[in-house]
Amino acid sequence: MLKPGNAFLDFLKLQDGADDNPKNAAITNLAGGWTSHEIDSRLLQTYRDVVNDDVLFKQSNKYSSSNGFSSVIEQVANYERIIFHADQLSNDEVLLGHSASNLLLNVLKATLDPGDTVLLNRPYYPNFVFQSQLLRANIEYYDTVNEDLENTINEETLIDKIRSSKCRVYLICLPDNPLGFVYSQTLLNNIATELNKQNAYLIIDYSYKVFTYEEVPKYYGNRGHENIVAVNSFSKSFVSMGRRFGYVVANKNIIDQIRYKQIVDLLCPDSLHQIVIREYLKNSLPNGSVHNYLAEVNAQYKETFNYCKSILSDEEITFADSKNGIYFYIRANKTCESMMHVLDEKQIKILSGKLYGSPDNYFRISIGPLIQDTAKLYSTLNFIVDIIK
């Protein structure tokens, strides 16, 4: 029987700041991966409308099919076509699910056998390791930064690693968590082509793809390869982490395999949230209000992200010079453990690089939880900068 290790338990502790216990109200949480921008008022109103509509609310208590209501899939496919220009996307290439994390696990179940190898970037998102271990996969790593957190992603060395590892899955997130890197169109095409030669898959977690501040690559919408599986989430973009609703985009054969695994794992995605998303997208996509909302959100995060970069640069702090995402990965002159008593005293939460496969003098901070209180975010970041020098 697999038992959770210390790293897994440390990872769970970051949820403490999201608990509704009043004692957590004073915590300044820069550890969590959630967002806190203003929810779209149209989405909020749609929840009220559905709950108050007797017919729709009764429908929300029914099971949907294992891959979601077909009417919802249609709207989600429209969302991908309009927002990310997924012009070639067909409805049977979309599967709905309870959450991106749950969907990712079922994607891995559908593409891996015990003993297969998963290739991960390092530093990595911890849950990728935990899920791969749960499925008894071997794990190999490709280092994407040097000790000074400079980008070392190189097509030749990455392709060599794909070949030598004989991986069945190369699992990444874009923008990368915690580094914020986004692959070029050429690099992604070459990776997918090489993986296809060894009957392997490129699985991309797109939970934060709205937070791409540089030019959005075409592959965000048009995968271009049959062995690419895209896991998506509404949670971070629409500030609905408590509702946990996501979807997968892949070729139909892979969708059918994931659907089979999902039937075993979870009967169907939540019907209420499906119906709300359907009604919201049906009304907001045609008039462009969804696009405008996401553009405003992106601009808000980009401005805050760049200001935080300026704080770190001015103080000559070593950090991954990412162009996207909601995270900063930083190298300190002391370990996180040695700083914990000061951070605890100020009720500030950050995550140690140990969770991401780095030494303890690296750590990740998130701007998402404080995006609505940037004054507090900047003052907290300046305080952290002062104690890590």
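Look a little higher up for the structure.
Residues numbered from 1 in each chain as written. Predicted model: local features only at pLDDT ≥ 70, side-chain atom pairs only at ≥ 80, totals over all residues. Heavy atoms only, no water.

Caption draft 1: Summary view of unusual backbone geometry. Note the cis peptide between Arg122 and Pro123, where omega equals 10°. Along the chain, the position of Pro123 falls in the loop between β3 (117-122) and α6 (126-134). Residues Leu174 and Pro175 are joined by a peptide bond in cis, for which omega reads -10°. Within the element layout of this structure, Pro175 appears in the loop between β5 (169-173) and α8 (185-197). Unlike most non-glycine residues, Asn199 shows phi in positive territory, near 55°. When you line up the elements, Asn199 lands in the loop between α8 and β6 (201-205). In this structure, Glu316 is a non-glycine residue whose phi angle is positive, near 55°. Tracing the chain through its elements places Glu316 in the loop between α11 (289-314) and β9 (318-319). (Helix = DSSP H or I, 4+ residues; strand = E, 2+ residues; numbered from the N terminus.)

Caption draft 2: Just the environment of Gly33, in detail. Summarising the element assignment, Gly33 is placed in the loop between β1 (28-29) and α2 (41-52). Along the backbone, Gly33 and Glu147 are 114 residues apart, and their C-alpha atoms lie at a distance of 24 Å. Not counting residues up to four positions away in its chain, the partners in contact with Gly33 are Tyr208, Lys236, Ile326, Tyr327 and Arg364. (Contact = heavy atoms within 4.5 Å.)

Caption draft 3: Inspection of the sheet that holds strand β4 (residues 138-143) at higher detail. With respect to topology, seven strands assemble into an open sheet ordered β2-β8-β7-β6-β5-β3-β4, the strand pairing being mixed. Where the open sheet ends on each side, the last strands, each with one partner, are β2 (94-97) and β4. Adjacent strand axes in the sheet meet at a mean angle of 20°, parallel and antiparallel pairs treated alike. As judged from the four bridges shared by β6 and strand β7 (residues 228-233), these two strands associate in the parallel manner. When the bridges of β7 are listed, Ile204 appears paired with Ala230. Here helix α5 (residues 100-111) sits on the sheet and contacts β2, β5, β6, β7 and β8 (246-249); the angle it forms with β7, its principal contact strand, is near 160°. Here helix α7 (residues 155-165) sits on the sheet and contacts β3, β4 and β5; the angle it forms with β4, its principal contact strand, is near 165°. (Pairing = 2+ DSSP bridges. Axes fitted to C-alpha atoms, helices over the stretch in contact; angles between N-to-C directions.)

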